[in-house]
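Analysis of the macromolecular model
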Amino acid sequence: QVQLVESGGGLVQAGGSLRLSCAASGRTISGYTMGWFRQAPGKEREFVAALSWRGRNTYYVDSVEGRFTISRDNPKNTVYLQMNGLKPEDTAVYYCAAAYRGGYTGGYDYWGQGTQVTVSS
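These notes cover the structure that comes with them. Note that the structure is a prediction, hence the values are computed from the model and not measured. (Residues numbered from 1 in each chain as written. Predicted model: local features only at pLDDT ≥ 70, side-chain atom pairs only at ≥ 80, totals over all residues. Heavy atoms only, no water.)

Remarks on the packing of aromatic side chains
Considering all chains together, one arrives at seven aromatic pairs under this definition. Positioned above the aromatic ring of Tyr95, the side-chain terminus of Arg45 is 4.1 Å from the ring centre. Note that Arg45 overlies the ring of Trp111, its terminal NZ or CZ placed 4.8 Å from the centroid. (Phe/Tyr/Trp six-rings, centres within 6.5 Å; stacked < 30°, edge-to-face > 60°. Lys NZ or Arg CZ within 6 Å of the ring centre and 35° of its normal.)

Things to note about the pairing of strand E3 (residues 18-25)
Judged from the five bridges that link them, strand E1 (residues 3-7) and E3 form a sheet pairing that is antiparallel. Residue pairing in the sheet places Gln3 in a bridge with Ser25 of E3. Bridge count between E3 and strand E8 (residues 78-83): six bridges; the pairing is antiparallel. From the neighbouring strand, Cys22 faces E8, where its bridge partner is Val79. (Pairing = 2+ DSSP bridges. Helix = DSSP H or I, 4+ residues; strand = E, 2+ residues; numbered from the N terminus.)

A closer look at the state of the cysteines
Each disulfide is one covalent bond, formed between the sulfur atoms of two cysteines. Tallying each qualifying case throughout the model produces one disulfide. Between the sulfur of Cys22 and that of Cys96 lies a disulfide, 2.1 Å long from S to S. The S-S bond linking Cys22 to Cys96 shows a torsion near -80°; that makes this disulfide left-handed. Of the two residues, Cys22 sits in strand E3 while Cys96 sits in strand E9 (residues 92-99), which places them 74 residues apart along the sequence. Residue Cys22 shares its accessibility class with Cys96, and that shared class is buried. (Disulfide = S-S within 2.5 Å. Buried < 20%, exposed > 50% of the residue type's maximum accessible area, 1.4 Å probe, protein only.)

Next up, the structure:
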């Protein structure tokens, strides 16, 4: 089993930056595809970013391309989402996810409980 705990969310002004962290335990994440999703009030959960299990490929939803960066630190068993140039429409609960097989935009096996990101205008 893999346990995922997100942290780093908070309240920021438009144009600001946040770095979300996802700490994993139970397994090393080096063999997993890792992803970030978000869910805004009244909206469905949407894919944000993913990092392949070998760490060679990244994928982003168009709305965050060029602003967000997903990365991993395998020795720390942690995945990050660096968010720059934040916009009010980025406001959502952000979830970390891990997929042993599959992954990318869906098919994840394990999920964190989420961290709130609020961007004020």
